[in-house]
Amino acid sequence: MVLSKAVSESDMSVHSTFASRYVRSSLPRYRMPENSIPKEAAYQIINDELMLDGNPRLNLASFVTTWMEPECDKLIMAAINKNYVDMDEYPVTTELQNRCVNMIAHLFNAPLGESETAVGVGTVGSSEAIMLAGLAFKRRWQNKRRAEGKPFDKPNIVTGANVQVCWEKFARYFEVELREVKLRDGYYVMDPEKAVEMVDENTICVAAILGSTLNGEFEDVKLLNDLLEVKNGETGWGTPIHVDAASGGFIAPFLYPELEWDFRLPWVKSINVSGHKYGLVYAGIGWCIWRNKEDLPEELIFHINYLGADQPTFTLNFSKGSSQVIAQYYQLIRHGFEGYRNIMENCHENAIVLKEGLEKTGRFNIVSKDEGVPLVAFSLKDRSRHDEFEISDMLRRFGWIVPAYTMPPDAQHVTVLRVVIREEFSRTLAERLVLDIEKVMYQLDALPSRLPPPLPPAQLVRKKSEIETQRSVTEAWKKFVLAKKTNGVC
């Protein structure tokens, strides 16, 4: 057999990977191996190691879609070898992207005629979309300042301290000062009044978040627009708004259609949204939509012809897969407005079930709001013996991945747990999660505290060194374990 030639003469058991020599050797970590191995062995060994990953369906830390219908999975696999950038070779795929842009623009109430083409682009996610939107704002601001004969070397952008890290990346990579509105107890989103106070003639835009990563809350874009209307009227600066709707862009139109946050507001010039979050597509697709052509400077758009025809391109990368674009179009026409509304209503209702279940335990404060992204953020009422990080760690024993984190400044003393409710998270799972959290709390109550006890006045006690603290904690746990040991086989 040809396959047998891939192994040594002393190892002929190639019909079973587990009877071969390949499971006796460590996988390469730093250098490519000198010799080939059978495809069956490569698949089995890698697949076995991947079993140690968490279950994506139980990853409640992530906003990203982890389940799609089998029919869409087939479309994705059929297009896995299509390079999206080859527009001349794959014109239908390009047309599907344009249809998605138009549908999303109309969903966000862009001021378009019935047959007018929207201005937008598909990206690999909201991070790239935000980079592109930020570049457009910076270039428009620079062009305006240059035309007025004013300095254009110190641009700034105003955001809340609750923004996703991609905004910090944009500011650092593209040399824009980031001005953050600090948070405070009980108010974990950007305060529009404080944001507008930070605006000056060098502000390229104010970024509002429709669905904070921290607690799912929608920022008040309408109030921000009204305040900027007044300030722009007084100063003539024309400071615009970008709405980061990565999480909330596919929620608000269906659950809160009367909420004004999009292109209905005149100072909103661009919006990004993640197709791979509540757009219901696997990771790797985002969208950036501009109000009109004037808001996207022409000099940022490149034209190439070495793939067979003139192709405009405005992206940070070049090659990328077509599968996610096709999957987004599938979801839009498969579900329609009715289907998306039903899915978002289910997510919202299951979030309420989880919230009420946690409240009934009497152990938690709810930090998230009922209006916003369907998630539940909560913190312990009593942190004297155990904290949220211990709960997060122990929930992993039941298979749940629930993150614990501290809030940004000036609310960094607040620690929360967060559960994101996605399409496939049913009421049964919500009820099960509450039961498992109750089990974790019961187990923690029976354990000695891992938190250091409150210190007496400094003059009465010598502060322990770090090594002494570690020894005392280790000794306490050792006594606890020995006390619990029993004879016999478990």
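Residues numbered from 1 in each chain as written. Predicted model: local features only at pLDDT ≥ 70, side-chain atom pairs only at ≥ 80, totals over all residues. Heavy atoms only, no water.

Going by an unreviewed UniProt entry, the chain carries the name Glutamate decarboxylase and comes from Miscanthus lutarioriparius. The UniProt entry for the chain carries the following text under Sequence similarities (unreviewed entry): "Belongs to the group II decarboxylase family." According to UniProt, the comment filed for the chain under the heading Catalytic activity (unreviewed entry) is "L-glutamate + H(+) = 4-aminobutanoate + CO2". (UniProt positions renumbered as here; feature names shortened; annotations may be inferred.)

This part covers the layout of surface pockets. Gaps left between atoms show up when a probe the size of a water molecule is rolled over them. Within this model, the largest pocket holds a volume of roughly 610 Å³. Lining of the largest pocket is provided by 26 residues; of these, Asn98, Gly120, Val121, Ile301 and Pro312 occupy positions nearest its centre. Sorting the residues of the lining of the largest pocket by element identifies α3 (91–107), β1 (119–123) and β9 (311–313) as the ones contributing at least two each. Here the lining of the largest pocket gets 5 residues from one element, more than from any other, and that element is α3. Partitioned by chemical class, the residues of the lining of the largest pocket number 13 nonpolar, 10 polar and 3 charged. (1 Å grid on protein atoms, 1.4 Å probe; cavity = no way out; pocket = protein on both sides within 12 Å on 5 of 7 lines; lining within 4 Å. Points joined across faces, edges and corners; volume = space filled by probe spheres on them. Helix = DSSP H or I, 4+ residues; strand = E, 2+ residues; numbered from the N terminus. Nonpolar A, V, L, I, M, F, W, Y, C, P; charged D, E, K, R; others polar.)

A few words on the nonpolar core. In this structure, Val243, Phe250, Trp261, Met344, Leu354 and Ile391 are the most contacted members of the largest nonpolar core, which totals 104 residues. Top element by residues in this core is helix α9 (residues 323–361). It accounts for 14 residues. Two domains each put at least three residues into this core: domain 1 (74–335) and domain 2 (337–446). In this view, Leu354 contacts Val376, Val419, Ile421, Ala430, Leu433 and Val434; residues no more than four positions away in its chain are not counted. (Core = buried A, V, L, I, M, F, W, Y, C linked by side-chain atoms within 4.5 Å. Buried < 20%, exposed > 50% of the residue type's maximum accessible area, 1.4 Å probe, protein only. Domains from an automatic or database assignment. Contact = heavy atoms within 4.5 Å.)

Moving on, we come to empty space enclosed by the protein. All chains considered together, the criterion is met by 4 cavities of 30 Å³ or more. Approximately 80 Å³ is the volume attributed to the largest cavity. Of all the secondary structure elements, the ones that give two or more residues to the lining of the largest cavity are α9 and β11 (375–380). With 4 residues, α9 is the largest single contributor of residues to the lining of the largest cavity. In terms of residue class, the lining of the largest cavity is made up of 7 nonpolar, 3 polar and 3 charged.

With that settled, consider the packing of α9 against helix α11 (residues 427–445). Packing of α9 against α11 leaves a shortest axis separation of 9 Å and a crossing angle of 20 degrees. Between α9 and α11, the angle is such that the two are roughly parallel. Of the two elements, α9 crosses α11, and the hand of that crossing is right-handed. Contacts between α9 and α11 pair Asn350, Val353, Leu354, Gly357, Leu358 and Thr361 from the former with Arg427, Ala430, Glu431, Leu433, Val434, Ile437 and Glu438 from the latter. When its residues are assigned to classes, the contact of α9 with α11 shows 7 nonpolar, 3 polar and 3 charged. (Axes fitted to C-alpha atoms, helices over the stretch in contact; angles between N-to-C directions. Parallel < 35°, antiparallel > 145°, perpendicular 65-115°, else oblique. Left-handed = near helix turned anticlockwise from the far one by under 90°.)

Next up on the list: the sheet that holds β11. Strand-to-strand pairing in sheets goes through backbone hydrogen bonds, with the strands running parallel or antiparallel. If you walk across this open sheet you meet the 4 strands as β10-β11-β13-β12, and the pairing is antiparallel. At either margin of the open sheet sits one strand with a lone partner, and together these are β10 (364–366) and β12 (404–406). Sheet twist, expressed as the mean angle between neighbouring strand axes with direction ignored, is 40 degrees. Note that β11 and strand β13 (residues 415–420) share 4 bridges and pair antiparallel. Paired with Ala377 across the strands is Arg418, a residue of β13. (Pairing = 2+ DSSP bridges.)

Per the counting criterion, the structure on display carries 9 aromatic pairs. Centroid distance Phe254 to Tyr340: 5.3 Å. Interplanar angle 15 degrees. Geometry classified as stacked. Here the residue Phe254 occupies a position in helix α8 (residues 252–255), and Tyr340 occupies one in helix α9, the gap between them amounting to 86 residues. In this structure Tyr340 comes out as buried when scored by relative accessible area, which is 2%. Members of the aromatic cluster, each reached through a chain of ring pairs, are Phe250, Phe254, Phe337 and Tyr340. Of note, Arg184 hangs over the ring of Tyr187, and the distance from its end group to the ring centre comes to 4.4 Å. (Phe/Tyr/Trp six-rings, centres within 6.5 Å; stacked < 30°, edge-to-face > 60°. Lys NZ or Arg CZ within 6 Å of the ring centre and 35° of its normal.)

Glancing now at a nonpolar patch on the surface. Side chains of Leu27, Ile46 and Leu50 sit close together on the surface and give an oily, nonpolar patch of about 260 Å² of accessible area. For Leu50, the position within the fold is in helix α1 (residues 39–50). (Patch = residues over 30% accessible without salt bridge, like charges linked within 9 Å, V, L, I, M, F, W, Y side chains within 5 Å. Areas by Shrake-Rupley, 256 points an atom, 1.4 Å probe, with all protein chains shown as cover. Salt bridge = Lys/Arg side-chain N within 4 Å of Asp/Glu carboxyl O.)

The buried fraction of strand β2 (residues 156–160) amounts to 5 of the 5 residues, a majority that puts the element mostly inside the structure. Neither face of β2 is open: one carries Asn156, Val158 and Gly160, the other Ile157 and Thr159, and all of them are buried. Note that β2 and strand β3 (residues 177–181) share 5 bridges and pair parallel. Across the sheet, residue Ile157 finds its bridge partner in β3, namely Leu178. Crossover handedness for the path β2 to helix α5 (residues 165–173) to β3: right-handed. (Right-handed = clockwise from strand over helix to strand, strands pointing away.)

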